[in-house]
Amino acid sequence: MENFTNESVDISSLPNYEEVDFRPISRKYLIKTLLQTTGFFAVLLIGCGVLFYLEWNSTYIFGILLVILVWFAFMFWNVFKLQKNYGFALREKDILYRRGFIVNKTTVIPFNRVQHVSTTRGILDKKLGIATLEIFTAGGSGSDIKIPGLEPDLALRLKEAVSKKLAADVS
Amino acid sequence: MSPKPFENPQRQSEIGVILIFFLTLYKLFRGLWAIAAYLIFSTPSGKTLLYVGLGLTVLGILVFMYSYVYYRKFQFHIDYENESFVLQKGVFSSEVIEIPFDKIQQVNTEQSLLQRLTNVHKLVIDTAGGKEKEVSIHAISKTKANQLSAILMEAKESSQTEAEVETSTISAEKEGIVWSYKMDILTLLKIGISSNYFRGLILIAVFFSSIYQELSRWFQDSEILDSYMTDLPDPSNSVSGLLLAGIVVLLGSILITVIEVFIKYFNLKLQRTKSNLQLQMGLKTNRKVSLQPRRVQLLQIKSNPVQKCLNLHEMQISLANSENSLGKSKIKIPGLGKEIVSKVNTFLYPEEKSSFQEIFKPHIILFFRKLFISILMISVAFYVLFLLVQLNFQTLVLLAVLCFIGMTIYQFLLFKSLRLHISEEFIIKKHGFWSSVEGRLETFKIQAITIREPYFYQKRDLVNILFHTAGGDVSFHAVHKDILPYINFVFYKIESSEKNWM
């Protein structure tokens, strides 16, 4: 306890999380989300085609088609906007993750509150050569973060870096 | 050398089979009560009754077989070498759960009515942080439960090398009692009368209206009811009859809540030793929980004007939990006097010194947004009402306007009551204009913070802040960016803290 100090802290001089440079995620993730959206779109279009083939009321079908088209126009626009807003940053003592376009969210997890870290890769991720980094805390699902679209070796390096910080924190 | 206790895999008490049987049946029927109600009300023929009876018998046998297998497969033991508690279970698939000693949060024993009848105890092992859920053993004899919980708590303590000061917590019984508090019957009565009578009222209204509807449908064609009805004065016509009915309903609803409160909180006892706070309560299930300050993640104190007059304050304590199941690790203690609340407060948060305290309020835009949403909902409700009920258009408009004014006042007062205090040690959120709620959390116990900046707030420089703790989230909406330096301070506080958050 001899090196314990308790000086008052100048709040305005503390490091500001907003001034951090966020690193964007891989462009390949855009391909993934575009593929997923297109796939979903295609399934719905095929559904419409089947309805048309079955000679269902054609005005209804065109109405549905119009709604689907407008919806997906928005979805594709949103995908591009979302991609721009993904970003993460590592500071000495915490990790920051930013995402969202209409509602921009930034989550900050201090390293000494991380429970465990993992990386996951789906089939599409493997084909495209990207991975997702997952960081879990005890704060429930709201505070866990999943950073998608990282190069696999970067994801691994990040994972190791965070784990090392964890280990350093415990000892 | 004799084997250490619980070294070999063990089963639950034999009587546990019956307990599991009833629990499974209960779970099954909870999902099926609607069908049962339908069967009763649809006046089944003899044939269907026979089929239903046969089906139920078969189901009962199947459930019993399931319970037996479940009982046989459910085995637990302590792995002394790996320092963990191991549980194997599963009927169709087998699952092995291993809990390292240092992940154990708390070991509690409980007894429900059924367990009391069969003279067994339920043992619950709470874990935190990891992926594994909490583990419960439904039927275990008292001696074994005590033995096991003692071993686990001891093992847990010895596996935690850090925090020497707090290691002594477990030997609470040896320490002297600093203060203790026992709730008397009068207070219980007061709690019952003053708390959620609205809910009881609604319950009773629903109950009676459904019975009335059912009855009137049954007797629609029968002449008995007609003659009966003409004998009686129509209650809806006479004011005194209506008033009487209202009083009966009100008394009934109060009675229900009083009974509920008695069952839940009978014999509530708080006992404070030097490092521990013991809580005991319940008529049906006698719950015993020991609270340690560092386990407490979130503290809420609730009260409304009526309760304030009666000196009743409700305390809600959220402890560290593993999964997102907030209800489970939330402890509710109602009807505490102001002096007890402050005593508990000083126990949980002994050091309360701060060089600053900043108060934040939300922007007025929050009020307009909430008002807009509620008006939208009211409009939809009235539109549906207009379509369904052949009501006079003017009455409807009048009702809608009244609703609108009421909602505006409600939302405005609610908005006015919202407040966030940030000090060096604590974050306190106050809200609610009728029942006021004060939520308090220690800054260093925060797990993560999310700052949300919706598109429509950007122009005004507003953000929503979400504090994630292990006991649940606390959010504060539409606050000006002036708060951000203080958020940075909170990060500093968490990252520089070496205290154990659980």
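Residues numbered from 1 in each chain as written. Chains lettered and ligands numbered in written order. Predicted model: local features only at pLDDT ≥ 70, side-chain atom pairs only at ≥ 80, totals over all residues.

### Comments concerning the sheet that holds strand β1 (residues 75-79) of chain B
Backbone hydrogen bonds are what pair the strands of a sheet, in a parallel or an antiparallel way. Residues and elements named next belong to chain B. The sheet built from three strands is open, its strands ordered β1-β2-β3 with antiparallel pairing. Every interior strand has two partners, whereas the edge strands, β1 and β3 (95-100), have only one. Looking at each pair of strands side by side, their axes are set apart by 15° on average, direction ignored. Here five bridges tie β1 to strand β2 (residues 84-89), and the two strands are oriented antiparallel to one another. (Pairing = 2+ DSSP bridges. Helix = DSSP H or I, 4+ residues; strand = E, 2+ residues; numbered from the N terminus. Axes fitted to C-alpha atoms, helices over the stretch in contact; angles between N-to-C directions.)

### Section: the environment of Glu498(B)
In this structure, Glu498(B) sits in the segment after α13 (484-496). Between the alpha carbons of Glu498(B) and Phe444(B) there is a distance of 8.9 Å; along the sequence they are 54 residues apart.

### Brief notes about the nonpolar core
The biggest cluster of nonpolar side chains holds 64 residues, and the ones touching the most others in it are Ile449(B), Ile465(B), Phe467(B) and Val490(B). Considering every element that reaches this core, the biggest residue donor is α13(B), with six residues. When neighbours within four sequence positions are excluded, Ile449(B) is seen to be in contact with Val108(A), Ile465(B), Leu466(B), Phe467(B), His468(B), Ile487(B) and Val490(B). Within the second largest apolar cluster, 21 residues are counted, among which are Tyr70(B), Ile78(B), Ile104(B) and Ile137(B). (Core = buried A, V, L, I, M, F, W, Y, C linked by C-beta atoms within 7 Å. Buried ≥ 20, exposed ≤ 12 C-beta atoms within 10 Å, placed from the backbone. Contact = placed C-beta atoms within 7 Å.)

### A short note on the sheet that holds strand β12 (residues 313-319) of chain B
Residue and element names in this part refer to chain B. Pairing in this open sheet of seven strands is antiparallel, and the strands run β13-β12-β11-β17-β16-β15-β14 from one edge to the other. Edge positions in the sheet fall to β13 (330-336) and β14 (357-360), since each has one partner strand and no second. Within the sheet, the average angular offset between the axes of one strand and its neighbour, ignoring direction, is 15°. With five bridges connecting them, β12 and β13 associate as antiparallel partners. Looking at β13, one finds that His313 is bridged to Leu336. Strands β11 (296-303), β12 and β13 of the sheet are contacted by helix α10 (residues 338-348), whose axis makes an angle of about 20° with β12.

### Notes on the interface of chain A and chain B
The interface is formed by 30 residues belonging to chain A together with 28 residues belonging to chain B. If you tally residues by element for the side of chain A that touches chain B, the top one is strand β4 (residues 103-110) of chain A, at eight residues. Sheet analysis places β4(A) next to strand β18 (residues 446-454) of chain B, joined by six bridges and oriented antiparallel. Within β18(B), the residue paired with Val108(A) across the bridge is Ile449(B).

### Overview of the packing of helix α11 (residues 365-388) of chain B against helix α12 (residues 393-417) of chain B
All names here are of chain B. Where α11 contacts α12, the axes come no closer than 10 Å and their chain directions differ by 155°. Regarding the angle of α11 to α12, the classification is roughly antiparallel. Between α11 and α12 the crossing geometry is right-handed. Between α11, through Leu366, Phe367, Lys370, Leu371, Ser374, Ile375, Ile378, Phe382, Leu385 and Phe386, and α12, the contact on the second element is made entirely by Leu396, Ala400, Cys403, Phe404, Met407, Thr408, Gln411, Phe412 and Phe415. (Parallel < 35°, antiparallel > 145°, perpendicular 65-115°, else oblique. Left-handed = near helix turned anticlockwise from the far one by under 90°.)

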